[in-house]
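Results of the structural survey
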Amino acid sequence: MPASREVVFVDGVRTPFGKSGPKGLYAETRADDLVVRVIRELMRRNPNLPPDRVDEVAIAATTQIGDQGLTIGRSAAVLAGLPKSVPGYAIDRMCAGAMTAVTSVAGGISFGAYDVAIAGGVEHMGRHPMGEGVDPNPRFLSEQLVDGSALVMGMTAENLHDRFPSITKDRADAFAVASQEKVAKAYADGKIQPDLVPTATRKAAEGWGLATVDEAPRPGTTLEGLGALKTPFRAHGRVTAGNASGINDGATGCVVAAEEVARELGLTPRMRLVSYAFAGVDPEVMGVGPIPSTERALRLAGLSIGDIGLFEINEAFAVQVLAFLEHFGIADDDPRVNPYGGAIAFGHPLASSGVRLMTQLAREFSERPDVRYGITTMCVGMGMGGTVIWENLA
Amino acid sequence: MSDVEQWKSLLAGKNADEVVTDALVRDVDLPYGAGTMALITLDNGFDHTKPNTFGPLGLLALDEALDGIAGRTDVVAVGVTGKPFIFGVGADLKGAVAVTSHEEAAAIGALGHHVFRRLGELGVPSFAFVNGAAMGGGLEIALHCVYRTVSSGMPAIALPECFLGLVPGWGGTQLLPRLIGPEKAIKLIIENPLSQNRMIKGRDAFELGVADAMFEPADFLEESLRWAAQVLRGEITVRRAPHTDADWTPVIDQARTLVDLKLRGASPAPYRALDLIALARTASRDEGFAAEDEALADLLMGDELRAGLYAFDLVQRRAKRPAGAPDRALARKVTKVGVVGAGLMASQLALLFARRLEVPVVLTDLDQDRLDKGVGYVHAEVGKLLAKGRISGDQANRLKALVTGSLTKDAFADADFVIEAVFEDLKVKQQVFAEVEAVVSETCVLATNTSSLSITEMASGLRHPERVVGFHFFNPVAVLPLLEIVRGSATDDATLATAFSVAKSLKKSSVLVKDAPAFVVNRLLTRFMGEVIAAADEGTPLETADHALDGLGLPMTPFALLQLVGPAVALHVAETMHAAFPDRYGVSANLARLVAAGKPGVYGADFQIDPEVRALFEGGTRPSTGDEVRLRALRALAQEIRLMLDEGVVSAAEDIDLCMILGAGWPFHTGGVTPYLDRTGISEEVTGGRFLAPGVASVPAA
């Protein structure tokens, strides 16, 4: 990439992810408050970063109305107590919102417009169900620009199974079970907790509580159990609630900086941005998106897939991870892939997930100084993929 | 029957509409693996506009929650916090009003202690996370906990009990002095309540040592829980300043002197509070809490407290919904204000209108120098506000631009509200209004700040007398919260509604008054002062006369008030009142001589009686004792109030009391004035009956 300055990932945190709905952790918690908590924790964890040195706050949300509206990057910055001189904005690329927040500020840092930025995302899918307030242009269908299934993510996953006939429901379920097991182990090993910020949860009828762990993981999930689940998107289909991510609430954030500024301020860079790419695919098979975006990012970096030692790939659906792995000739259970598990267990609050991938990759890097390169990648609704390649600085 | 059962049955049904503050318990996994905390949320189910309070049912709800927690072995700590913006604001006052026996009163204290003290006597540490307003019993809950955190954004922490006539007797007088030392405790328990019920902010509470840690409001609870986890893990040690016995005696003596100076024994509560604070030096918890129970019961059964609760209710409720005010929908919009005159009063009014209404304000005067001086005064005051950081530079620019001066009244052409503050002379004021009427619209309100002239007469020569209204401020305009709004015989509802609406925007409490000489406050104070001066005229030593009413704990003695008002103004008002009611209002020849001599009052610069003034007053041959002066003044007040109510000057005795509290600063424990006259038997003796039914501002019959 034609970078004038190197861009580094300094630190990332997130709220525990909750299950959406009236019983969920954050049923009565505002989305902007989740972002505020993340921003404040980043500032607290990085005391060498003077608040007035934050040059931008880019926060993604898919549904930018209500408590996710009002230019959430700016409003959350003010609510978090950052100096009023710190600007902010809202950003949207659906599931890749936080990822795009990072790449956008990274571009600005590289160009020299910023020294340090906070990037992240939030999605409170309980308060803002997927598709809230959308008004698709009738031309999409009348001119057959996209297939009718393109806006229903579960259907696009079924379509992906069609495209990759070798990816069976059993393979998808096995991958899902493994994801649950890896998350349970990562929790048991204390890999997840350090980057979670305990977050207050108040419900009028129950009083105050505190979220300290993710709500969605189902340790002990078995193949038999998954086999019994319905396939809501297609009769006798393959996609179930068990081999897909859930409907979740949560926020993420990270500090991104010019490498030279990070060192000057005494911040600890953990990953260096090598390249990034986004790519478009047919919206009705949006899950295939990470393949072209990764190919492009590798090409930009002058790397091959064999150079990548760790993969953080968002598990919107098991099939979409498996399609990626099959394409690149990687085994379903390759230990380089999602070593701490993924969204099938953690959950996937749409626009927030990109930074979760980065935060986990950074922690994995710290344990594996022998690994030089890793990628974070995810599929995106309306037919896109996004990939960021990182270099380990541990 | 257990104690709790006994209290329960005693208090059952006493306040059927108690808004019950619930104690919701949730388990919280503390950070750093510190274990499980049982976190209690105090929440009455309403938003912050209806704060958490504690009546018997609320106390029992907390008791039950603590029962549940006490039976557990898996919790390492207990936490207490509030609903958003509110921790707790203390006892349910409605319940307190309903108490009719010493036994019930004692039960309220005992039940509170029984429940709250458990927080300090659990087997595990307790933490209060004071997230929002914490007053009285709310703050005492926090004090019973072993540790406290406070939000730096919190605006109101107080122990206002002494302000009302109570003591913080659910542990406050015993726990606070030991926590932060007697000197600071006295500040919170006695000094602040007696200084217009001052509140402190979260930051002050932290600095005083009331809280052990402070966190910002954005993530107050989360960071408090982290801190608690670190305390539990021994990573943070809480240090508090030690207090020695030597801290106690001198500050208590000093405080007693201060209280005496302010109250002269008029209200028992601060004295009881001082005794309890003194006791806290040596008393065990049991002894201390028992003494608090006793004090609470005595005070709850005293008329001073009941008058205090009555006064509080007047100020909180009646002042916000003035009796007799017309439908506020009738009020016209005020987008520009005119002030006739550019003297000190006019300038003060201009500043107030500009600040509160944020609309253009034009001062007019015939003299350019006076005008420049008036506008200059406002600009200088705005500058002071800016220097103090009370307003921003932009706001200062805005306010300065809003206030201008004009030599002609043309500038009022588009004004919606014109107030005159010229010399107190009917002819002059009539002339001024006629000139204003020539330029303003037909609906522009013409308000007068007269303190004694007739609104009806002032309006009589106008084409539209219906738009004239009395708008009587009290000096200093920016400080005293009362406005007497006077309806003339022609004043219409739209004008009156506009006046009330403007008053509200000015953040004043208003009372509707009939067009009668001197309205309420000045009529009563002049009558009262007239009796004291008459006694002096008759030969009562000036000191005796002036201190005869010390027992009421008034904000100042009659002669101090005379000094503040100025003898010339007092004489003028006395003459006006004498003209209206020659039988009851005299004009003291000595006062006239005092004015002629150019004296500022009876006191000299050294706060001693001026010997020349003493000489002026010599020659009286029928001196009275202090007691006689007191009775004479109070009887005069009772008579005058009865007459005012019969004349319909205000709609009820409550309005008289509200006026005396807000306009004359008469203390809560007198309930304004009528509760005091009722409880001392003077109303009955002079008028043949009470002003208020028993129980309204006094202990009801059992």
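Residues numbered from 1 in each chain as written. Chains lettered and ligands numbered in written order. Predicted model: local features only at pLDDT ≥ 70, side-chain atom pairs only at ≥ 80, totals over all residues.

**What about the overall build of chain A?**
Secondary structure assignment for chain A yields twelve helices and twelve strands. Over its C-alpha trace chain A gives a radius of gyration of 20 Å, about what one expects of a compact globule, namely 21 Å for 394 residues. Once the C-alpha set of chain A is aligned to its principal axes, its extents read approximately 55 × 55 × 50 Å. Counting only residues that meet the buried cut, chain A has 59% of its 394 residues in that class. In chain A, once contacts between residues fewer than 6 apart in sequence are set aside, the share between residues at least 24 apart is 81%. (Helix = DSSP H or I, 4+ residues; strand = E, 2+ residues; numbered from the N terminus. Rg over C-alpha atoms; globule rule 2.2 N^0.38 Å. Buried ≥ 20, exposed ≤ 12 C-beta atoms within 10 Å, placed from the backbone. Contact = placed C-beta atoms within 7 Å.)

**So, the UniProt feature "domain: Thiolase N-terminal" (unreviewed entry) in chain A**
Within the UniProt annotation, "domain: Thiolase N-terminal" (unreviewed entry) is assigned to residues 7-259 of chain A. As annotated, residues 7-259 of chain A has a helix share of 31% and a strand share of 19%, and its two end C-alpha atoms lie 5 Å apart. (UniProt positions renumbered as here; feature names shortened; annotations may be inferred.)

**Considerations on helix α12 (residues 269-279) of chain B**
All names here are of chain B. Where burial is concerned, most of α12 is hidden: eight out of the eleven residues are buried. What α12 keeps buried is the set A269, P270, R272, A273, L274, L276, I277 and A278. Buried-residue contacts for α12 involve α6 (161-164), α7 (172-180), α8 (182-194), α11 (248-263) and α13 (285-300).

**Quick look at the pairing of strand β7 (residues 207-211) of chain A**
Residues and elements named next belong to chain A. When you tally the buried positions in β7, you get five out of five residues, the bulk of the element. Here strand β6 (residues 199-203) runs beside β7; their pairing, made up of five bridges, is antiparallel. Residue pairing across strands places R202 opposite W208, the latter belonging to β7. From the end of β6 to the start of β7, which pair antiparallel, there are three residues. (Pairing = 2+ DSSP bridges.)

**Notes on the interface of chain A and chain B**
With 15 residues of chain A in contact, the opposing surface of chain B contributes 15 residues. Counting only elements with at least two residues in the side of chain A that touches chain B, the list comes to α1 (31-45), β6 and β7 of chain A. Of all the elements, β7(A) adds the most residues to the side of chain A that touches chain B, at four residues. Each residue belonging to the side of chain A that touches chain B can be placed in one class, and the counts come to seven nonpolar, five polar and three charged. (Nonpolar A, V, L, I, M, F, W, Y, C, P; charged D, E, K, R; others polar.)

**Examining the sheet that holds strand β6 (residues 133-135) of chain B**
Residue and element names in this part refer to chain B. Spatial strand order, β4-β6-β8: three strands in an open sheet with parallel pairing. Edge positions in the sheet fall to β4 (86-88) and β8 (157-158), since each has one partner strand and no second. Looking at chain direction, β4 and β6 are connected through two bridges and run parallel. Within the sheet, the bridge partner assigned to G88 lies in β6 and is A134.

**Overview of the packing of α7(B) against α8(B)**
Residue and element names in this part refer to chain B. Contact pair α7 / α8: the axes reach a minimum separation of 7 Å and the direction vectors enclose 135°. With respect to their mutual orientation, α7 and α8 come out oblique. Note on packing geometry: the crossing formed by α7 with α8 is right-handed. For the pair α7 and α8, the contacting residues are G172, T173, L176, P177 and I180 in the first and P182, K184, A185, L188 and I189 in the second. Tallied by class, the residues present in the contact of α7 with α8 amount to seven nonpolar, two polar and one charged. (Axes fitted to C-alpha atoms, helices over the stretch in contact; angles between N-to-C directions. Parallel < 35°, antiparallel > 145°, perpendicular 65-115°, else oblique. Left-handed = near helix turned anticlockwise from the far one by under 90°.)

**Some points on the nonpolar core**
Taken as a class, soluble globular proteins show a tendency for nonpolar side chains to be buried jointly. If you look at the biggest cluster of nonpolar residues, it comprises 361 residues, and the most contacted ones within it are A:I59, A:V102 and A:V256. The element that contributes the greatest number of residues to this core is helix α21 (residues 521-537) of chain B, accounting for ten residues. The residues contacting A:V102, other than those within four sequence positions of it, are A:A119, A:C254, A:V256, A:G354, A:V355, A:M358 and A:V388. (Core = buried A, V, L, I, M, F, W, Y, C linked by C-beta atoms within 7 Å.)

**As for the domain arrangement of chain B**
Residues and elements named next belong to chain B. Segmenting chain B into domains produces domain 1 (3-301), domain 2 (328-513) and domain 3 (521-648). If you average the C-alpha positions of domain 1 and of domain 3, the two centres end up 45 Å apart. Contacts between the two partners involve five residues from domain 1, matched on the other side by four residues from domain 3. For the side of domain 1 that touches domain 3, a count of residues per class yields two nonpolar, two polar and one charged. (Domains from an automatic or database assignment.)

**Examining helix α23 (residues 558-565) of chain B**
Residues and elements named next belong to chain B. Within α23, the full set of buried residues consists of P558, F559, L561 and L562. The arc that holds every buried residue of α23, seen down its axis, measures 155°, which confines them to one face. Those residues of α23 that are buried lie in contact with α21, α22 (542-547) and α24 (567-580). Positive phi shows up at G566, right after α23, with a value of about 95°. (Arc of directions from axis to C-beta.)

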